[in-house]
Amino acid sequence: QQPVQSPQAVILREGEDAVINCSSSKALYSVHWYRQKHGEAPIFLMILLKGGEQKGHDKISASFNEKKQQSSLYLTASQLSYSGTYFCGTEYGGSQGNLIFGKGTKLSVKP
Amino acid sequence: DAGITQSPRHKVTETGTPVTLRCHQTENHRYMYWYRQDPGHGLRLIHYSYGVKDTDKGEVSDGYSVSRSKTEDFLLTLESATSSQTSVYFCAISEPGQGKNFGPGTRLTVT
């Protein structure tokens, strides 16, 4: 049931865009996105609920395709501060808010 | 002031000894969670609580127990520590439908 994230790693230059995908084999109730820097705790970015909505947060946005059971995180005009590992967490109906996290996507932004 | 703290932040212990990790919150959130994070596995749920004295198992609960006697405190106990329990442990809090706020983590080494 662990969601599959792709790519596993990506290297960008400042100002470039990136897309991180999170796919589930089971029907989703919601998808959470987190960023974690080395040696620190994960930080919540956004939550997308069943319904196919899209959310934005500065230059980071995400979409949720209910039909495909997939969520995508979009990082536009990347900044050095975007570097870190991005995790999606998937929630299924009746799970009391419990998330199953993907293995993460390591994003490195170079000057 | 941090809304969620963990203690201790670092601990080294010997195989076979009991260990208790503490999570303390000042946000009055209903849900509290214990995760472990290991390279290649992402974040995995150990136990969670949905109220005082209400707890349930997560996906990797063997060898761990929890207690929550007050809203603000959630304790994780390793009954007899093993080397496979060497990990970084994160506590998280949330309200239904909201993102999780993670504590700073506890790095546990079992020798």
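Summary of the structure given here. (Residues numbered from 1 in each chain as written. Chains lettered and ligands numbered in written order. Predicted model: local features only at pLDDT ≥ 70, side-chain atom pairs only at ≥ 80, totals over all residues. Heavy atoms only, no water.)

1. Quick notes on the overall build of chain A
- Each helix and strand counted, chain A has zero helices and 11 strands in total.
- Helices (α) and strands (β) of chain A occur, in sequence order from the N terminus, as β-β-β-β-β-β-β-β-β-β-β.
- Taking 2.2 N^0.38 as the reference for a compact globule, 111 residues should give roughly 13 Å; the C-alpha atoms of chain A span a radius of gyration of 13 Å, in line with that estimate.
- Projected onto its principal axes, the C-alpha coordinates of chain A cover approximately 45 × 25 × 20 Å.
- Burial analysis of chain A (111 residues in total) assigns 49% to the buried set.
- Put simply, 55% of the contacts in chain A that link residues at least 6 apart link residues at least 24 apart.
- Accessible surface computed for chain A: about 5,500 Å², of which carbon and sulfur atoms make up 49%.
- Here chain A holds 12 positive side-chain charges and 8 negative ones, and the gap between their average locations is 6 Å. (Helix = DSSP H or I, 4+ residues; strand = E, 2+ residues; numbered from the N terminus. Rg over C-alpha atoms; globule rule 2.2 N^0.38 Å. Buried < 20%, exposed > 50% of the residue type's maximum accessible area, 1.4 Å probe, protein only. Contact = heavy atoms within 4.5 Å. Areas by Shrake-Rupley, 256 points an atom, 1.4 Å probe, with all protein chains shown as cover. Lys, Arg positive; Asp, Glu negative; His and termini not counted. Charge placed at Lys NZ, Arg CZ, Asp CG, Glu CD.)

2. Regarding the interface of chain B and chain A
- At the interface, 19 residues of chain B touch 17 residues of chain A.
- Buried surface at the junction of chain B and chain A, both sides included, amounts to about 1,500 Å², of which 54% is carbon and sulfur.
- The largest contributions to the chain B side of the interface with chain A come from B:Leu43, B:Lys100 and B:Phe102, which together make up 31% of the buried area.
- Where chain B touches chain A, the interface holds zero salt bridges.
- Inspection of the region where chain B meets chain A yields two residue pairs in polar contact (both at pLDDT 80 or more).
- Of all elements in the fold, only β4 (31–38) and β5 (42–51) of chain B reach the threshold of two or more residues within the side of chain B that touches chain A. (Buried area = accessible area lost by both parts, 1.4 Å probe. Salt bridge = Lys/Arg side-chain N within 4 Å of Asp/Glu carboxyl O. Polar contact = N/O pair within 3.5 Å; in protein donor to acceptor, adjacent residues only side chain to side chain.)

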